[in-house]
Amino acid sequence: MRIDIVTIFPEFFDVLDLSLLGKARQSGLIELGVHNLRDHTHDRHRTVDDTPYGGGAGMVMKPEPWGAALDAIFGEPDSVEADAAPGPILIFPSPAGEQFTQAMARELSKQPHLVFACGRYEGIDQRVVDHFQARGEVRLVSLGDYVLNGGEVAVMAMIEAVGRLIPGVVGNPESLVEESHEGGLLEYPSYTKPASWRGLDVPPVLLSGNHGAISTWRHDQQLERTRRVRPDLLPPAV
Ligand code: 6GU
């Protein structure tokens with residue numbers, strides 16, 4: 001998969017050199033391009049924002065640098081041939097977007113090319129979204145119901161959630177199937193040695209060697225946890 005990110009803080013994404021995603025980049029499973037929006041400005045101050053039309057607090061990101069930065073990734077407008085393969089999916093992280101979920105991560109993990117456009121301030125001029133919507137698939141995506149200062153941290157989370165679902169990125173694919181949000185329930189609690197620690201014992205069933213009993217116990221734990229903290233995830237009672 002190819003991933004491009006446009007941001008005024010390219011250094012934010014230096015951490016993508018680390019850990020599993022860093023390895024995936026080294027092995028070529030993920031190809032990452034991080035682009036500085038300010039490289040697409042032409043004034044001395046490398047201005048990317050301006051006051052909002054209609055008034056109000058804060059600043060809005062100007063359309064021209066965004067148009068130039070995204071054209072550099074997508075190609076110039078009207079240069080796309082009629083029978084060209086579908087282009088990249090363009091994602092605008094935004095608290096006004098649809099909610100990012102494990103299902104969306106899975107869907108995005110099958111794409112050949114994702115482009116993330118990280119806005120700051122009060123957002124990006126809406127015409128940037130409208131223009132690129134006319135040229136291909138565009139999605140506004142939110143992590144959840146709270147406000148971050150910009151899209152960078154949200155994009156980092158999305159890339160980690162998507163990247164680990166690309167075949168080969170996580171060494172043991174079985175470790176993906178029993179996680180929270182994969183089977184519709186939260187995951188069960190895990191324990192390792194020692195069997196007793198600070199007066200707390202590992203649940204005896206896990207030491208029993210009875211795989212049927214262990215499976216049942218884990219599923220009960222999943223149900224109990226989900227009922228307690230995320231009842232919204234349970235199917236409606238019949
Ligand atoms: Cl994607 N962006 C911002 N700025 N705030 C958020 C968010 C995204 N998701 C939740 N809060």
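Quantities reported herein were computed from a predicted structural model and do not represent experimental measurements.

1. Topic: the site of the ligand
Move 1: Taken together, 13 residues form the shell around the ligand, and within it Pro93, Pro95, Leu143, Leu148 and Ala154 come nearest.
Move 2: Tallying contributions element by element places strand S5 (residues 89-99) first for the shell around the ligand, with three residues.

2. Observations concerning the UniProt feature "binding site: S-adenosyl-L-methionine" (unreviewed entry) in the protein
Move 1: The UniProt record annotates "binding site: S-adenosyl-L-methionine" (unreviewed entry) at Gly119, Leu143, Gly144, Asp145, Tyr146, Val147 and Leu148.
Move 2: You can see Gly144 is positioned in the loop between strand S7 (138-142) and helix H5 (152-163).
Move 3: Residue class for Gly144 comes out exposed when judged on the 10 C-beta atoms lying within 10 Å of it.
Move 4: Looking at where Leu148 falls in the secondary structure, it is placed in the loop between S7 and H5.
Move 5: On the basis of neighbour count, Leu148 is assigned to the partly exposed category, with 15 C-beta atoms found within 10 Å.
Move 6: Contacts of Leu148, omitting those with residues within four sequence positions, involve Val153 and Ala154.

3. Focus: the environment of Leu233
Move 1: Take Leu233: it is sitting in the segment after helix H7 (211-229).
Move 2: The exposure class of Leu233 is partly exposed, given the 13 C-beta atoms found within 10 Å.
Move 3: Once the C-alpha coordinates of Leu233 and His181 are considered, the two residues, 52 residues apart in sequence, prove to be 8.8 Å apart.
Move 4: For Leu233, the residues in contact, after removing those within four places along its chain, are Gly184, Leu185 and Thr226.

Rules behind the numbers
Residues numbered from 1 in each chain as written. Predicted model: local features only at pLDDT ≥ 70, side-chain atom pairs only at ≥ 80, totals over all residues. Near = placed C-beta within 6 Å. Helix = DSSP H or I, 4+ residues; strand = E, 2+ residues; numbered from the N terminus. UniProt positions renumbered as here; feature names shortened; annotations may be inferred. Buried ≥ 20, exposed ≤ 12 C-beta atoms within 10 Å, placed from the backbone. Contact = placed C-beta atoms within 7 Å.

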